[in-house]
Amino acid sequence: MFFDRKEELKALLSLISYEPNMITIYGPINSGKTVLLMELTKRISREFAIFYINLRGRFINSYEDFMKVLFSVKEGSLKELLVDVLKSGLAYQGIPIPEKVFRDLIENKNGDPFVFLEDYFRELRDKERKPILVIDELQVIGDLKVDGPLIYKLFNFFVRLTKETHLVHVFVVTSDSLFIEKVYNEAMLQGRADYFLVDDPKGGILRPQGKLELLAIRRALEKL
Ligand SMILES: Nc1ncnc2c1ncn2[C@@H]1O[C@H](COP(=O)(O)OP(=O)(O)OP(=O)(O)O)[C@@H](O)[C@H]1O
Ligand SMILES: [Mg+2]
């Protein structure tokens, strides 16, 4: 049974009706963040293509591990896989690409994976499907280093996808307030992301009328 999250769903749907932005969804463990996003994916209209990637429980110790989570190797050409995404509007376990393209990306033969992804998303956008990228449990890669902290490169990429190119809505989901604080303290991100609180003050017991506020992260952290 899905408890009423009408207000939250309305707010999320409204957010994606505007220019793409980076949204950090924060809420304590068990507050219903993942379920809320799953519900959003079910209600989303045909104009979007949503990529939901959950890092929970994934073993990510290297760049290659991260790439294996970000992408999902599938049978077929890149063109065919894009057609599938255009048809369904949904991809739950990574961004579908052919094996050969994936290998070349890992070995850097196709150049920068971020440039590849930007083209991938642009292709969808050109076909009237607005991409939405959801990364659940992002703190899992909080300490991963690939020529420096990967997380900052990733956020830089998200800023590129949102503020600069207006191509993709990016949702970053986490229950780790220290992680958010660390990211917030980076000058790079200040003023570049919105924050969405999925509130559950009772710690584990879902409040059907969960209060929602769009607010600056400082205020969210003060409340904890
Ligand atoms: N709107 C809802 N209606 C009914 N059950 C819900 C709802 N939202 C969450 N739940 C239930 O509450 C539990 C926690 O939900 P969920 O996994 O979405 O929380 P979360 O905030 O993503 O937690 P975590 O931080 O551990 O990832 C799950 O068992 C889920 O089925
Ligand atoms: Mg979750």
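Described below are features of the structure shown in this document. (Residues numbered from 1 in each chain as written. Chains lettered and ligands numbered in written order. Predicted model: local features only at pLDDT ≥ 70, side-chain atom pairs only at ≥ 80, totals over all residues.)

The phi torsion at Asn30 lies on the positive side, around 70 degrees, for a residue other than glycine. If you trace the backbone, Asn30 turns up in the loop between strand S1 (22–26) and helix H2 (33–43). Overall, the presence of 15 C-beta atoms within 10 Å leaves Asn30 in the partly exposed class. (Helix = DSSP H or I, 4+ residues; strand = E, 2+ residues; numbered from the N terminus. Buried ≥ 20, exposed ≤ 12 C-beta atoms within 10 Å, placed from the backbone.)

Another aspect to go through is the environment of Leu13. Along the chain, the position of Leu13 falls in helix H1 (residues 6–15). For Leu13, a count of 13 C-beta atoms within 10 Å gives the class partly exposed. Once the C-alpha coordinates of Leu13 and Arg43 are considered, the two residues, 30 residues apart in sequence, prove to be 9.0 Å apart.

This paragraph deals with H2. If you check which residues of H2 are buried, you get Lys33, Thr34, Leu36, Leu37 and Leu40. Buried positions in H2, seen along its axis, are confined to an arc of 160 degrees and lie on one side of it. Along H2, exposed side chains directed more than 90 degrees from the buried face belong to Lys42 and Arg43. (Arc of directions from axis to C-beta.)

Now for the nonpolar core. Val134 and Phe171 are the most contacted members of the largest nonpolar core, which totals 52 residues. Leaving out residues up to four positions away in the same chain, Val134 has contacts with Leu37, Ile50, Phe51, Tyr52, Ile53, Phe171 and Val173. (Core = buried A, V, L, I, M, F, W, Y, C linked by C-beta atoms within 7 Å. Contact = placed C-beta atoms within 7 Å.)

Look at H1 against H2: their axes get within 10 Å of each other, and the N-to-C directions meet at 60 degrees. By the angle between their axes, H1 is oblique relative to H2. Crossing hand, H1 versus H2: right-handed. Contact with H1, carried on its side by Glu8, Leu9 and Leu12, involves Leu36, Glu39, Leu40 and Arg43 of H2 and no other residues of that element. Across the contact of H1 with H2, the residue classes tally to 4 nonpolar, no polar and 3 charged. (Axes fitted to C-alpha atoms, helices over the stretch in contact; angles between N-to-C directions. Parallel < 35°, antiparallel > 145°, perpendicular 65-115°, else oblique. Left-handed = near helix turned anticlockwise from the far one by under 90°. Nonpolar A, V, L, I, M, F, W, Y, C, P; charged D, E, K, R; others polar.)

Secondary-structure assignment places Leu124 in helix H6 (residues 113–126). The buried category is assigned to Leu124, around which 20 C-beta atoms lie within 10 Å. Distance from Leu124 to Ala49, taken between C-alpha atoms, is 7.8 Å for residues 75 residues apart in sequence. Contact partners of Leu124, with chain neighbours within four places excluded, come to Ala49, Val85, Leu86, Arg129 and Pro131.

Summarising the element assignment, Met67 is placed in helix H3 (residues 63–70). Sequence separation between Met67 and Phe102 is 35 residues, and the spatial gap between their C-alpha atoms is 8.5 Å. Setting aside residues up to four positions removed in sequence, Met67 forms contacts with Leu105, Ile106 and Pro113.

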